Every structure is written in structure tokens, then in C-alpha cells.
Amino acid sequence: MSTPVFGQIIIGPPGSGKTTYCHGMAQFLRNLGRAVTIINLDPANDHVPYEAGIDLGDLIQLSEVMDSYQLGPNGGLLYCMEFLDRNLDWLLNRVTKVKDTYLLIDCPGQVELYTHDQSMKSIIGRLEQFGTRLCCVNMVDSHYCSDPSKFISVCLTSLNSMLQIELPHVNVLSKVDLIEKYGRLQFNIDFYTDVLDLEFLLEAMSEDPFVKKYKKMNEALIDLVQNYSLVSFIPLHIDSADRMLTVKNHVDKANGYCFGSQEERNLRMMMSSAYGVADFESAKTADIREKFMDLDLPGETPSTFTTSGPKRQRKEKLGNDLDLIDMEPGFQI
């Protein structure tokens, strides 16, 4: 295609919010005046809240594959994606018909497709050759932050996907309104979004013999993630316009849409999207800490605040050497 088609390819584990994100982001972008087409590439997801412009179910049905070849859900999904890879002209012909729109591609939730299998990598590579300019949006459930072992696993899986898929990548912590559903975070949320100094997670791990047995392995995984220094996360609450705008700006910067001429925009709007104007460190996650995280000290009665008075916050761990100041008053930075 002579004119590039921009879009997002949304991946992530089952239940991470990919379909909800596609539905919400489509509405958000349409309210901004952007024409959007949603492509459903998940043959197991036949009940979606959005109207799919292109649906893989029109080419192949997962239930038929499972019945015909006696496969389970995982094997059936792999077969469907390999079948699409071999018959990609079916998809490319339909993309040509919606070339004047922005694409949101809803993908299956099988992690192996993005970390080991070659079919998705091949499909994405041919879409790039066809003239699409895609950014990969990797959705991760934010409640994994409450378990150090799971968060290390999430970081490794995200890194693996980034290296395997070879696209501009935006990692998203979804459902931040439920971030402390399974317990308080050990550190400030910025520690998890910036993915720095992960060795502090080792100290926060449970002393359970099962977890302790894998301490050396976790140390090695942490070193691997930090040596690449590629993984970071953007927190998202689908009902927050500010959070949706932040994700949109990062994606538009990653796939180059913000530098195009598809929308009327002035220089200030372009610079805001490309360079993150007003992205002060203290403001990046302030709304999440205030709305969705418990800021009272353990054992204390939740406080009430007036609009005129300052909010009292608990002493949160930052996940770096500054945590030592209270314990060691003589500590010098």
C-alpha cells in the first residue's frame, strides 16, 4: 500500500483486558475524530462487546478445528494461527478495504504465540511489509504487582515478547483500580512501572520453603531483565480519560502516527505526544495512588480528609537506597 496504515496489535495473557481495551480505545479514538477498525484475530473470542470490521471467525472456527483434529484449546489456537499465516492473503485483502482507518487488532491470549511460536511473528512481519505501521500493546494484569515472584515472571514474559515480535512495544498495567485487590504493594507503584532495582523484590519475597528454593533462579531472571533495560509499564484504568490519553500518546509516538498528517494538530499537540509534556515523575501515578491504593498505615483507622487539608500518606517503600534513611539515620546519599 502506498499510504501507511497505522494501528495497534494488542497481546497479553487471558483475562488481562485485551478485548475491553480494544472496545474502550476504539470509543476513545472515535471521540477524537479518528476512524477505527477493530480486527478480531482470536478465534476463541466469539462474544465481543465491539463490532469487528474483520473477524478471523469468518475464515476458521476454533470449535471446528478442535472437533476435526481432536485438539484441545491451546493446540486448536496454534493451528488457527498457523492456518491464518498460510492464508494471510485473506487478511491482507480485507485490510486493503479499511486502509483509511486506524487498526486495533485483538489477539488471542495464549502467551506461547508471542514468546515461542513463529506464526504470530510471521503474520506481523508480513503485515509490516504490506505497509502497516503497528505498535504492540502488551496488557498485563496489575494485581501481579502484589506478588514479587509473579511480577518477575511478568517482566520476563514481557521482555521475551518484545524480543520475539520485534515491534515498537508499549507494556500496560491494566485494571489499576484493582491493583491492591490481593494485598498491599511492597513498594510505591512507580517501582513497578519503571522496573528499576528489582533486586529489592528478592528481599520482599516470602520465606516459604517453596519460594526460597528458587531464589537463585529469581536472581538470574532479575539480572536478565535489568541487563536488557527495556521493560517498563504504563498504568491504565479503562474508565479514566487521562490514562487512556497517556497510553494513546505513547502508542502514537511508538508507531509514528503523531508525526503524520492524518489529523489536524498544532505543534504543541505534536510535541506533547512525542515528548511527553508535563510528564513530571510525581504526576505520572499520583491519581492511582490517591484513588486506588490504601495510604493508611497498617493497623490504623482509615483517615478522612477535607478538601482544604493535606492528605496524610503512609511511608511507602521506594525500592531503592532511600528506604534505608529511616532505619539508618546516618546513611548518606
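Residues numbered from 1 in each chain as written. Predicted model: local features only at pLDDT ≥ 70, side-chain atom pairs only at ≥ 80, totals over all residues. Heavy atoms only, no water.

## Overview of the pattern of salt bridges
Here is step 1: What the rule picks out here adds up to 5 salt bridges.
Here is step 2: Arg34 is the partner of Asp252 in a salt bridge, and the nearest nitrogen-oxygen pair spans 3.1 Å. Taken as a pair, Asp252 in helix H12 (residues 241-255) and Arg34 in the loop between helix H1 (18-31) and strand S2 (36-40) lie far apart in primary sequence, 218 residues in all. The same class applies to Asp252 and to Arg34, which are both buried.
Here is step 3: With its nearest N and O atoms 3.9 Å apart, the salt bridge here joins Asp89 to Arg126. Residue Asp89 is located in helix H4 (residues 89-97), and its partner Arg126 is located in helix H6 (residues 119-130); the two are separated by 37 residues in the primary sequence.
Here is step 4: By sharing partners, the salt bridges in this structure join Arg34, Lys248 and Asp252 into a single network. (Salt bridge = Lys/Arg side-chain N within 4 Å of Asp/Glu carboxyl O. Helix = DSSP H or I, 4+ residues; strand = E, 2+ residues; numbered from the N terminus. Buried < 20%, exposed > 50% of the residue type's maximum accessible area, 1.4 Å probe, protein only.)

## Here's the deal with the packing of helix H7 (residues 148-165) against helix H11 (residues 215-228)
Here is step 1: One can describe the packing of H7 onto H11 by two numbers: an axis separation of 10 Å at closest approach and a directional angle of 45°. Taken as axis vectors, H7 and H11 run oblique relative to one another. Crossing hand, H7 versus H11: left-handed. Here Ser149, Ile152, Cys155, Leu156, Leu159 and Leu163 of H7 lie close against H11, whose contacting residues are Asn218, Leu221, Ile222, Leu224, Val225 and Tyr228. (Axes fitted to C-alpha atoms, helices over the stretch in contact; angles between N-to-C directions. Parallel < 35°, antiparallel > 145°, perpendicular 65-115°, else oblique. Left-handed = near helix turned anticlockwise from the far one by under 90°. Contact = heavy atoms within 4.5 Å.)

## Overview of the pairing of strand S5 (residues 132-141)
Here is step 1: Counting buried positions along S5 yields 9 of 10 residues, so the element is predominantly enclosed.
Here is step 2: Pairing geometry for strand S1 (residues 5-11) and S5, over 7 bridges, is parallel. Bridging from a neighbouring strand, Ile9 pairs with Cys136 of S5.
Here is step 3: Alignment of S5 against strand S6 (residues 169-174), held across 6 bridges, turns out to be parallel. Looking at S6, one finds that Val140 is bridged to Leu173.
Here is step 4: What joins S5 to S6 is H7, and the crossover it makes is right-handed. (Pairing = 2+ DSSP bridges. Right-handed = clockwise from strand over helix to strand, strands pointing away.)

## Structural notes on the packing of aromatic side chains
Here is step 1: In total, this model carries 9 aromatic pairs according to the counting rule given.
Here is step 2: Ring centres 5.3 Å apart and planes at 90° place the aromatic pair Phe6 and Tyr257 in the edge-to-face group. Taken together, the positions of Phe6 in strand S1 and Tyr257 in the loop between H12 and helix H13 (267-275) put the pair 251 residues apart, joining distant regions of the chain. Here Phe6 matches Tyr257 in class, with each residue buried.
Here is step 3: Pairing Tyr69 with Tyr79 gives two aromatic rings, centres 4.9 Å apart and planes at 35°, and the pair type is tilted. One end of the pair, Tyr69, is in helix H2 (residues 62-69); the other, Tyr79, is in helix H3 (residues 73-86), and 10 residues separate them in sequence.
Here is step 4: By relative accessible area, which is 47% here, Tyr69 ends up partly exposed.
Here is step 5: Looking at Tyr79, the relative accessible area reads 21%, which means it is partly exposed. (Phe/Tyr/Trp six-rings, centres within 6.5 Å; stacked < 30°, edge-to-face > 60°.)

## As for the confidence of the model for the protein
Here is step 1: In the predicted model, the protein carries a mean pLDDT of 83, and the fraction of residues at 70 or more is 80%.
Here is step 2: Taken as a whole, residues 325-333 scores under 50 in pLDDT and shows 6 contacts with residues more than four places along the chain or in a different chain. (pLDDT = per-residue confidence, 0-100.)

## Considering the nonpolar core
Here is step 1: Counting residues in hydrophobic clusters, the biggest one holds 34 residues, and the most contacted among them are Ile9, Ile39, Leu84, Leu91, Ile105 and Met120.
Here is step 2: Of all the secondary-structure elements, those providing two or more residues to this core are S1, H2, H3, H4, strand S4 (102-106), helix H5 (112-115), H6 and S5.
Here is step 3: The element contributing the most residues to this core is H6, with 5 residues.
Here is step 4: Phe151, Leu159, Val195 and Leu202 belong to the second-largest nonpolar core, a separate cluster that totals 30 residues. (Core = buried A, V, L, I, M, F, W, Y, C linked by side-chain atoms within 4.5 Å.)

## So, unusual backbone geometry
Here is step 1: Non-glycine residue Val195 carries a positive phi angle of around 50°.
Here is step 2: Residue position: Val195 is located in the loop between helix H8 (189-194) and helix H9 (199-204).

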